[in-house]
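These are the residues of each chain, in order.
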Amino acid sequence: MKRKRNKLPRRILNILVIIAAVCVVGYFGFCYWVNASGSLVGDHLPDPADVDQGSAIVVNGAGRREGVFTLFIGATDEDEIRTDSMMVLVFDTENHRADLINIPRDTLVDCERTGAGRKINAAYASGVDEMLDEVSTVIGFRPDKYVVANFDGIAEIVDVIGGVDYDVPFDMSYHDASQDLSIEFKKGYQHLDGEEVVEFLRWRHNDDGTGYDDGDIGRVTKLQDFLVTVGSAVLSPTNVLKIPSIAAAVSNNVETDLTTSQILWLGMQGMKMDMQEDISMQTLIGDSAMVNFGDNIWFYILDEDMVIDQINETFNPYTRTLTEEDFSIVTPDTYGIYSESWRNERAVRYAGYKKSDTSEDDDDTEEDADTESEHSGQEDEEVVYYHDD
């Protein structure tokens, strides 16, 4: 059976672009406010402490960690009826720390939809409230605020600033008639407009299957570098006079319950952070597997025990420990469906965790992996869980 290609790096990049856009809006809002007030003189900005910092996002509620709020960040697909990328930001405003948890779009969720509609990315078609409700079932809490954007905003921003210069790492050639998608880039330093930037972001591999030599890791590294290039170009002082157009490009393509003042504040907070040291990113732990809901469909199946531990260790906005009662994570077993694909994928993952944590005893590791494989088609037995830190 041909395994489904991993699309996670593309989705992570999409989310990073959106996060950058939100921070950019805050920065531009600040600059525009200064300019409109007549305080902007030449290339010098006044001391940020002397101007409006926006309205802080304050969450009041029993048992919440002080100074911590959560934000759902999503990007829609081409039809804008599904969320192609989903992530939840847990922002510690006191320590200026941001932790992001990626929610794979194919995650199987507890819902009344059928077939591929059981994927969490389909929730957005029923509205933001339904989307946030389903997100809460897999992370244990409902995000306080949300931002949902689309690719059009990225293209518009790049076009407003006149494009960006970038050294394309190698020839790229990918075509998909079903998406009306044709991506053609030659290796080398070149100027990219908005449409070309979006094509670069959407590229996963060439028609012949070739891509980065070191696979997904190399792709993520290179695309993060590309994002820095785009962000640096947007934040260039030469674009100060384009602030209104840039802000409009973002606002016209973003659905959010954040106020303008809150976005300003969020952008100001983002400017205080070290993007290398103060931000971490993880993905909900699970496996991509084929499940037969009438038809064989690829889903991302969460591991409940590991996810609960993962959320509590890094992303829990409450002072109390979240438990199974806060989640509603489902698997093929929940529906009485046997999925050999899921069991095999999970066995590989368990063996991987054990291997990483028992490296001092390779013989035992191999024995553990063989034992897990033997049980992959049987009912679950007690398993010791390890975290891939």
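1. Comments concerning the overall build of the protein
Then, number 1: Along the backbone of the protein there are ten helices and twelve strands.
Then, number 2: Residue pairs in contact within the protein that sit at least 24 positions apart in sequence constitute 67% of those at least 6 positions apart.
Then, number 3: In the form shown here, the protein has an accessible surface area of approximately 19,000 Å², with 46% of it arising from carbon and sulfur atoms.

2. Quick look at the environment of Gly61
Then, number 1: With respect to the helices and strands, the residue Gly61 is situated in the loop between helix H1 (8-36) and strand S1 (68-76).
Then, number 2: By relative accessible area, which is 43% here, Gly61 ends up partly exposed.
Then, number 3: Counting along the chain gives 257 residues from Gly61 to Tyr318, while the straight-line C-alpha distance between them is 9.4 Å.

3. With respect to the sheet that holds S1
Hydrogen bonding along the main chain pairs the strands of a sheet, whether they run parallel or antiparallel.
Then, number 1: Pairing is mixed in the open sheet, where six strands are placed in the order S9-S4-S1-S2-S3-S10. The sheet is open, and its two borders are formed by strand S9 (254-256) and strand S10 (279-283), each paired with just one other strand. Neighbour-to-neighbour, the strand axes of this sheet turn through a mean angle of 20°, independent of strand direction.
Then, number 2: Against the sheet, helix H8 (residues 304-315) engages strand S2 (83-92), strand S3 (97-102) and S10, with an angle of about 165° to S3.

4. Points about the pattern of salt bridges
Then, number 1: The final tally for this structure, using the stated rule, is twelve salt bridges.
Then, number 2: The residue Asp106 makes a salt bridge to Lys119 at a minimum N-O spacing of 3.5 Å. With a gap of 13 residues between them, Asp106 in the loop between S3 and helix H2 (128-139) and Lys119 in the loop between S3 and H2 connect regions that are remote in the sequence. The pair Asp106 / Lys119 is uniform in exposure class, with both members buried.
Then, number 3: Of the charged contacts, one joins Asp133 and Arg142 as a salt bridge, the two residues approaching to 2.3 Å between their closest N and O atoms.

5. Topic: helix H3 (residues 151-160)
Residue pairs three or four apart in sequence face the same way in an α-helix, which turns once every 3.6 residues.
Then, number 1: Looking at H3, one finds that the buried residues are Phe151, Gly153, Ile154, Ala155, Ile157 and Val158.
Then, number 2: Two residues or fewer past H3, Gly162 is found with a positive phi of approximately 85°.

6. Observations concerning the nonpolar core
Then, number 1: With 31 residues, the main nonpolar core has Phe72, Ile103, Ile139, Leu284 and Ile311 as its most contacted residues.
Then, number 2: Put simply, the parts of the chain that give this core at least two residues each are S1, S2, H2, strand S4 (145-149), strand S12 (296-302) and H8.
Then, number 3: Excluding its chain neighbours within four sequence positions, the residues that come into contact with Ile311 are Ile139, Phe141, Leu284, Asn316, Leu322 and Phe327.
Then, number 4: Counting residues in hydrophobic clusters, the runner-up holds 26 residues, among them Phe170, Tyr174, Leu181 and Val197.

7. A word on the environment of Ala347
Then, number 1: Note that Ala347 resides in helix H9 (residues 340-357).
Then, number 2: You can call Ala347 buried: its relative accessible area is 6%.
Then, number 3: Put simply, Ala347 and Asp287 are 60 residues apart on the chain and 9.8 Å apart in space, counted from C-alpha to C-alpha.

8. Notes on a negative patch on the surface
Then, number 1: Taken together, the side chains of Glu80, Asp152, Glu156, Asp159, Asp193 and Glu195 define an acidic patch exposed on the protein surface.
Then, number 2: Broken down by element, the residue count for the negative patch peaks at three residues, all from H3.
Then, number 3: Relative to the elements of secondary structure, Asp193 occurs in the loop between strand S8 (188-192) and helix H4 (194-202).

9. Observations concerning H2
Then, number 1: Counted at 1.5 Å a residue, the expected span for H2 with its twelve residues is 16 Å, and the 16 Å between its end C-alpha atoms agrees.
Then, number 2: Burial of H2 is extensive: nine of the twelve residues sit out of reach of the surface.
Then, number 3: Residues of H2 that are buried: Val128, Met131, Leu132, Glu134, Val135, Ser136, Thr137, Val138 and Ile139.
Then, number 4: Where H2 is buried, its residues meet S1, S2, S4, S9, S12 and H8.
Then, number 5: Where H2 ends, the next residue or the one after it, Gly140, has phi of about 90°, a positive value.

10. As for the side chain of Asp92
Then, number 1: For Asp92, the location among the structural elements is in strand S2.
Then, number 2: You can call Asp92 buried: its relative accessible area is 12%.
Then, number 3: Engagement of the side chain of Asp92 in a polar contact is seen with the backbone nitrogen of Glu94, the distance being 3.1 Å.
Then, number 4: Polar contacts involving the side chain of Asp92 include one to the side chain of Asn95, which spans 2.7 Å.

11. Overview of unusual backbone geometry
Glycine aside, the phi torsion of most residues is negative, and most peptide linkages are trans.
Then, number 1: For His96, which is not glycine, the phi torsion reads 50° and is therefore positive.
Then, number 2: Along the chain, His96 turns up in the loop between S2 and S3.

12. With respect to the packing of aromatic side chains
Then, number 1: Summed over the entire model, instances satisfying the criterion amount to six aromatic pairs.
Then, number 2: Ring geometry for Phe69 versus Phe91: centroids 5.5 Å apart, planes at 65°, classification edge-to-face. Residue Phe69 is located in strand S1, and its partner Phe91 is located in strand S2; the two are separated by 22 residues in the primary sequence.
Then, number 3: In this structure Phe91 comes out as buried when scored by relative accessible area, which is 2%.
Then, number 4: Judged by centre distance (5.4 Å) and plane angle (75°), the rings of Phe293 and Phe299 are edge-to-face.

13. Brief notes about the confidence of the model for the protein
Then, number 1: On average, residues of the protein score 76 in pLDDT, and 68% of them are at 70 or above.
Then, number 2: Overall, residues 1-18 carries pLDDT values under 50, and its contacts beyond four positions in sequence, including any with other chains, amount to 50 contacts.

What counts, and where the lines are drawn
- Residues numbered from 1 in each chain as written.
- Predicted model: local features only at pLDDT ≥ 70, side-chain atom pairs only at ≥ 80, totals over all residues.
- Heavy atoms only, no water.
- Helix = DSSP H or I, 4+ residues; strand = E, 2+ residues; numbered from the N terminus.
- Contact = heavy atoms within 4.5 Å.
- Areas by Shrake-Rupley, 256 points an atom, 1.4 Å probe, with all protein chains shown as cover.
- Buried < 20%, exposed > 50% of the residue type's maximum accessible area, 1.4 Å probe, protein only.
- Pairing = 2+ DSSP bridges.
- Axes fitted to C-alpha atoms, helices over the stretch in contact; angles between N-to-C directions.
- Salt bridge = Lys/Arg side-chain N within 4 Å of Asp/Glu carboxyl O.
- Core = buried A, V, L, I, M, F, W, Y, C linked by side-chain atoms within 4.5 Å.
- Patch = residues over 30% accessible without salt bridge, like charges linked within 9 Å, V, L, I, M, F, W, Y side chains within 5 Å.
- Lys, Arg positive; Asp, Glu negative; His and termini not counted.
- Charge placed at Lys NZ, Arg CZ, Asp CG, Glu CD.
- Expected span 1.5 Å × (residues − 1).
- Polar contact = N/O pair within 3.5 Å; in protein donor to acceptor, adjacent residues only side chain to side chain.
- Phe/Tyr/Trp six-rings, centres within 6.5 Å; stacked < 30°, edge-to-face > 60°.
- pLDDT = per-residue confidence, 0-100.

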